[in-house]
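Here is how the chains run, residue by residue.
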Amino acid sequence: MLLIEKPLGGVAVVTLNRPEAMNALSKALRAALSRAITGLDQDPEVRVIILTGAGERAFTAGLDLKELSTDPLGMGAANATSADENPAQAVLSCSKPIIGAINGVAITGGFEVALACDVLICSTNTRFADTHARVGITPGWGLSQKLSRAIGPYRAKELSLTGNFLDAAKAYEWGLINRIVEPADLMPAALQLAAQMADIDGDMLVTYKAMIDDGYDLAMGEGLQLEHDRSVVHNRQVTPEMVAERRAAVQARGRNQ
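Along every chain, residues carry numbers that run from 1 in the direction the sequence is written. Given that the model is predicted, a residue must reach a pLDDT of at least 70 before its local features are reported, and side-chain atom pairs must reach 80 or more before they are shown or counted; all residues, however, enter totals for whole chains, interfaces and linings. Values shown for side chains rest on all heavy atoms present in the structure; no hydrogens or waters enter the calculation.

A. Expanded view of the overall build of the protein. Where helices and strands are cited, they refer to DSSP runs of H or I of at least four residues and of E of at least two residues respectively, numbered from the N terminus. A tally of regular secondary structure across the protein gives twelve helices and ten strands. The size measure is the radius of gyration over C-alpha atoms, and the globule rule it meets is 2.2 Å times the number of residues to the 0.38 power. A compact globule built from 257 residues should have a C-alpha radius of gyration of about 18 Å, and the protein, at 19 Å, falls within 12% of that. Across its three principal directions, the C-alpha atoms of the protein cover 60 × 40 × 35 Å. The long-range fraction of contacts in the protein, counting pairs at least 24 apart against all pairs at least 6 apart in sequence, stands at 70%. The contact criterion used throughout is that any non-hydrogen atoms of two residues lie within 4.5 Å.

B. Examining the pattern of salt bridges more closely. A side-chain nitrogen of Lys or Arg and a carboxyl oxygen of Asp or Glu constitute a salt bridge if their distance falls within 4 Å. Taken as a whole and assessed by the stated rule, the structure comprises six salt bridges. For the salt bridge of Lys170 with Glu173, the shortest nitrogen-to-oxygen distance reads 3.5 Å. Note that Lys170 and Glu173 are positioned in helix α8 (residues 168–173) at a spacing of three residues, about one turn of the helix. Accessibility here uses a 1.4 Å probe with only protein chains present; expressed as a share of the type maximum, an area under 20% marks a residue as buried, one over 50% as exposed, and anything in between as partly exposed. Residue classification places Lys170 among the partly exposed positions, given a relative accessible area of 32%. For Arg230, the salt bridge identified is with Asp214, shortest N-O distance 2.8 Å. Taken together, the residues Arg230 in helix α11 (residues 220–235) and Asp214 in helix α10 (residues 202–216) connect sequence positions 16 residues apart. The exposure class of Arg230 is partly exposed, given its relative accessible area of 32%. For Asp214, a relative accessible area of 30% translates into the label partly exposed.

C. Spatial organisation of the packing of aromatic side chains. Classification of ring pairs uses Phe, Tyr and Trp, with its six-membered ring standing for Trp, and accepts pairs whose centres are within 6.5 Å; under 30 degrees between planes counts as stacked, over 60 as edge-to-face, and the remaining range as tilted. Summed over the entire model, instances satisfying the criterion amount to one aromatic pair. Lying across the ring of Phe165, Arg127 places its NZ or CZ 3.9 Å from the centre. Our definition puts a charge over a ring when NZ of Lys or CZ of Arg is within 6 Å of the ring centre and also within 35 degrees of the ring normal.

D. Representation of the sheet that holds strand β6 (residues 105–107). We treat two strands as partners when DSSP finds at least two bridges between them. The strand order across the open sheet built from four strands is β4-β6-β8-β9, with neighbouring strands paired in mixed fashion. Edge strands, defined here as strands with exactly one partner in the open sheet, are β4 (58–60) and β9 (165–167). Pairs of neighbouring strands in the sheet enclose a mean axial angle of 20°, with direction left out of account. Here β4 runs beside β6; their pairing, made up of two bridges, is parallel. Each bridged residue has a counterpart across the sheet, and for Thr60 the counterpart in β6 is Ala106. With axes taken as lines fitted to C-alpha atoms, and helix axes fitted only over the stretch in contact, angles between N-to-C directions fall between 0 and 180 degrees.

E. Structural context of helix α7 (residues 153–160). Taken as a whole, α7 has its buried residues at Ala156, Leu159 and Ser160. Around the axis of α7, the buried residues are gathered within 90° of arc, so they sit on the same side. Looking at the buried positions of α7, the neighbouring elements they touch are α5 (132–135), α6 (143–151) and β9. As used here, the arc belongs to the directions running from the helix axis to the C-beta atoms.

F. Broad picture of the side chain of Glu112. As for its position among the elements, Glu112 is in helix α4 (residues 109–116). Asp and Glu are treated as the negative residues and Lys and Arg as the positive ones, with His and the ends of the chain left uncounted. Buried Glu112, no salt bridge; nearest opposite-charge side chain is Lys146, N-O distance 9.8 Å. Apart from the residues within four sequence positions on either side, Glu112 is in contact with Ala88, His132, Pro139, Gly140, Trp141, Gly142 and Leu143.

G. Local environment of the state of the cysteines. Cysteine sulfurs are considered disulfide-paired once they come within 2.5 Å of each other. Scanning the model with the defined rule gives zero disulfides in all. This cysteine, Cys94, is not joined by any disulfide, and Cys117 carries the nearest cysteine sulfur, 10 Å off. Looking at Cys94, the relative accessible area reads 3%, which means it is buried. A residue is classified by how much of its surface remains accessible, and Cys117, at 9% relative accessible area, is buried.

H. Region of interest: the environment of Gly100. You can see Gly100 is positioned in strand β5 (residues 98–102). It is 8.1 Å that separates the C-alpha atoms of Gly100 and Ala190, two residues lying 90 residues apart in sequence. If sequence neighbours within four positions are ignored, Gly100 has contacts with Leu51, Cys117, Val119, Leu120 and Ile121.

I. Representation of the layout of surface pockets within the structure. Using only the protein atoms, space was sampled on a 1 Å grid; points where a 1.4 Å probe fits but cannot get out form cavities, open sets with protein on both sides within 12 Å along at least five of seven lines form pockets, and lining residues are those with an atom within 4 Å of a point. Grid points are joined across faces, edges and corners, and a volume is the space filled by probe spheres set on the points. Taken as a whole, the largest pocket holds about 1200 Å³ of empty space. Forming the walls of the largest pocket are 36 residues, and the residues nearest its centre are Leu115, Cys117, Asp118, Lys146 and Asp213. Of all elements in the fold, only α3 (87–92), α4, β7 (119–123), α6 and α10 reach the threshold of two or more residues within the lining of the largest pocket. Per element, the largest residue contribution to the lining of the largest pocket is nine residues, and it comes from α10. Residues belonging to the lining of the largest pocket are distributed by class as follows: 23 nonpolar, seven polar and six charged. Empty space within the second largest pocket amounts to approximately 440 Å³. What lines the second largest pocket is a set of twelve residues, among which Asp199, Ile200, Arg246, Ala249 and Val250 lie closest to the centre. With six residues, the single largest contributor to the lining of the second largest pocket is helix α12 (residues 240–256). Residue polarity is assigned by list, with Asp, Glu, Lys and Arg as charged and Ala, Val, Leu, Ile, Met, Phe, Trp, Tyr, Cys and Pro as nonpolar; anything else, Gly included, falls into the polar class. Residue composition of the lining of the second largest pocket, grouped by class: six nonpolar, one polar and five charged.

Below you can see the structure in the form of structure tokens.
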């Protein structure tokens, strides 16, 4: 149902493994994902996480509608706030960077989980869709707010009020995703990026990610003040010797790229 691998130092890969159901987010899978993300967030050997889906058909098709159709209380999951029921919240609660390696469709709740990731790398067969309106429910995991902030309210309304698919090329054009690769190159590209991130000090990754995320939730002036306040505290701990050592490492990296 959920696979966890550590193929590289500092990198973990979490795979939603229900390909026969398009990796639909059943109650059991949502709980397993929450446990996995929490465990990896607490694992000192892990600095970066890649989240993907098994197979090439789907990243995830969202909530398991077949399961919900037999559970009178199942629709409560659409508005759940706890990480064990809300997989977008499970991803957002992680202090470490999460790269979404999106293979195939990411639909409705699956779209929301993708939007919760920090970076999105997609295969050429990736398609996104928000079918909430067509199913007759409203989003509860953040899609109505996060999508409009990512691509603008006009484009977000076009997608959400039609339920139409957005292909990888258009998603890249609209600034929703970071890059597009061939399906066979998806995991190599995600692993390469994860390794580059994992080469950074772990505490620095957590600190900088939080600075970006927390500041983005504020008005610009408040965000600049947040950056200043946290930077003052952090930079007081940086010594000239630390700067010299890391400067040499940055120069060596530049020569090798």
